[in-house]
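Chain and residue survey
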Amino acid sequence: MDNTRLFLWLALAAMLWLNYDAWVRDRAPQPPAAAATTESRAAPEDDALLPNLPSDGGARGGAELPTASDATPERTITVRTDVLDVAIDTRGGDLVRADLLEYPVEKDRPDEIVRLLDYTPSNRWVLQSGLVDAAGGDAPNHVATFSSERSSYELAPGQDELVVTLEWVGGGDLKARKIYTFRRGRYAVDLDIVIENATGEPWRGAPYAQMQRVHNPVERSYTSVSTYSFTGPVLFDGESADKLDVEDLLRKPITRAATGGWLAGIQHHFLAAIVPPENEPFELEATARDNRYLLRALGPIRGVAPRSQETFSFTFFVGPKLQDQLRETANKLVLTVDYGMLTPLAQPLFWVLSWVHKLVGNWGWSIVIV
């Protein structure tokens, strides 16, 4: 019995060392991901730039707005579910803060919960979205002003879905709504941007969603394996997921055409992701400036006939790397759970571990049993 226990401890120590060694090598700096559609783009000027649209017909290219500061939002709308506490800035109608109510920063500090999205300058991490007018006119973009009937929303007991609507009124008879849908127990948030064209002329424009984040690299420590976990942007083009080095993006931004792709910013156990509609072609962009990177999904130009409306949709994921929810949110979004070189071993092992956990309800005993 004593020899068996000794061998088990030795096997466990060997597996831990192999895992640690593979993790370190996998997190070593990688060469920038190459793609046939890669091209150089201007770096982001804080919140100033709107996406470039192709100059076909009446479309514009590279419309700019005055540079916006990183000041605290003047007015926010708070949304609270059973798992999320979110702030939506009325400037842009965007997600600018997200607290994860079930995840404390440290176990011995249960009142201090993880803040994922944040509008403070030093930790800025926001999700923005909107429409770009192909003719260069007013549009419900991420610097437009939105309004809401209420300043706070909360998921009531027994309620499974919470809908938050913000409204925008442009020049003439052009109106738009941003409709966020939050669900009980879910970290995926659906967004519908509905534009109503009550004018006598057709309107043309394109949807976009983007993530801006201040990149604060984690200082690695030999005593903390978690510091070797990749922190930064990830791009999935429908075929492969690439971890992007921010230093490489400073030198050479990336643009890829993709259908069924997504963009994410990850840090250890958590992520924020932008998921465009699965069956629509989108242009995915990644670029950086100073200590900030920007990820953007830009959709095709669509027309809205006079006295009609169109809906443009995205899904955001803001939360922990719960594999079941990641799989339900988007194709291959589970790849943000990065096991590195040990993926062939770790994925089935995690599946067995999860199955045992469903039976015993305790992760400690599940590990012992496995």
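For the structure, see preceding data.
The structure contained in this document is the topic of the report that follows. No experiment lies behind these values; they were computed from the predicted model shown.

**Remarks on the packing of aromatic side chains**
Applying the stated criterion across every chain yields a total of five aromatic pairs. Relative to Phe314, the ring of Phe282 has its centre 5.7 Å away and its plane inclined at 75°; by these criteria the two rings are edge-to-face. On the criterion of sequence distance, the pair formed by Phe282 in strand S16 (residues 281-289) and Phe314 in strand S19 (residues 308-320) is long-range, its members being 32 residues apart. An identical accessibility class is assigned to Phe282 and Phe314; each is buried. The positively charged end of Arg213 is found above the aromatic ring belonging to Trp125, 3.7 Å away from the centroid.

**What to know about the sheet that holds strand S12 (residues 241-243)**
One open sheet holds the eight strands; their spatial order is S7-S8-S9-S19-S15-S14-S11-S12, and the pairing between them is antiparallel. Of all strands in the sheet, those with a lone pairing partner are strand S7 (161-169) and S12, marking the two edges. Taking the axes of each pair of neighbouring strands and ignoring which way they run, one obtains an average angle of 20° across the sheet. Judged from the six bridges that link them, strand S11 (residues 231-236) and strand S14 (residues 262-267) form a sheet pairing that is antiparallel. For Pro233, the partnering residue across the bridge sits in S14 and is Gly265.

**Quick word on the pattern of salt bridges**
On inspection of all chains with the given rule, the structure shows 18 salt bridges. Asp190 serves as the salt-bridge partner of Arg183, at 2.7 Å between the closest nitrogen and oxygen. What makes Asp190 partly exposed here is its relative accessible area of 24%. The shortest N-O distance in the salt bridge between Arg327 and Asp324 comes to 3.8 Å. Residue Arg327 and its partner Asp324 are located together in helix H3 (residues 323-329), separated by three residues, close to a single helical turn. On the basis of relative accessible area, Arg327 is assigned to the partly exposed category, the value being 49%. Shared partners join several salt bridges into a network, and the residues in it are Arg80, Asp85, Arg97, Asp99 and Arg115.

**As for the environment of Gly261**
Structurally, Gly261 can be placed in the loop between strand S13 (254-259) and S14. Judged by relative accessible area, Gly261 falls into the buried class, the value being 7%. Linking Gly261 and Pro277, residues 16 residues apart in sequence, is a C-alpha distance of 8.7 Å. With residues up to four places along the chain from it excluded, the contact list for Gly261 reads Phe236, Asp237, Gly238, Pro276 and Leu284.

Calculation rules
Numbering of residues starts from 1 in each chain and follows the order in which that chain's sequence is written. Local features in a predicted model are, by the rule used here, given only for residues with pLDDT of at least 70; side-chain atom pairs are given and counted only at 80 or more, and totals for whole chains, interfaces and linings are based on all residues. Computation of side-chain values covers all heavy atoms of the structure but excludes hydrogens and water. Any two rings among Phe, Tyr and Trp, with Trp reduced to its six-membered ring, count as a pair given centres within 6.5 Å; such a pair is stacked if its planes are under 30 degrees apart, edge-to-face if over 60, and tilted if neither. A run of H or I in DSSP counts as a helix once it spans at least four residues, and a run of E counts as a strand once it spans at least two, with each numbered from the N terminus. Classification of residues uses two cut-offs on accessible area relative to the type maximum, computed with a 1.4 Å probe and protein chains only: under 20% is buried, over 50% is exposed, and between them is partly exposed. Lysine and arginine charges are scored as sitting over a ring when NZ or CZ, respectively, is within 6 Å of the ring centre and within 35 degrees of the ring normal. In this scheme, strands are said to pair when DSSP sees at least two bridges between them. Comment: axis = line fitted to C-alpha atoms, over the contacting stretch for helices; angle = value between 0 and 180 degrees taken between N-to-C directions. By definition here, a salt bridge exists when the distance from a side-chain nitrogen of Lys or Arg to a carboxyl oxygen of Asp or Glu is within 4 Å. We call two residues contacting when some pair of their heavy atoms lies within 4.5 Å.

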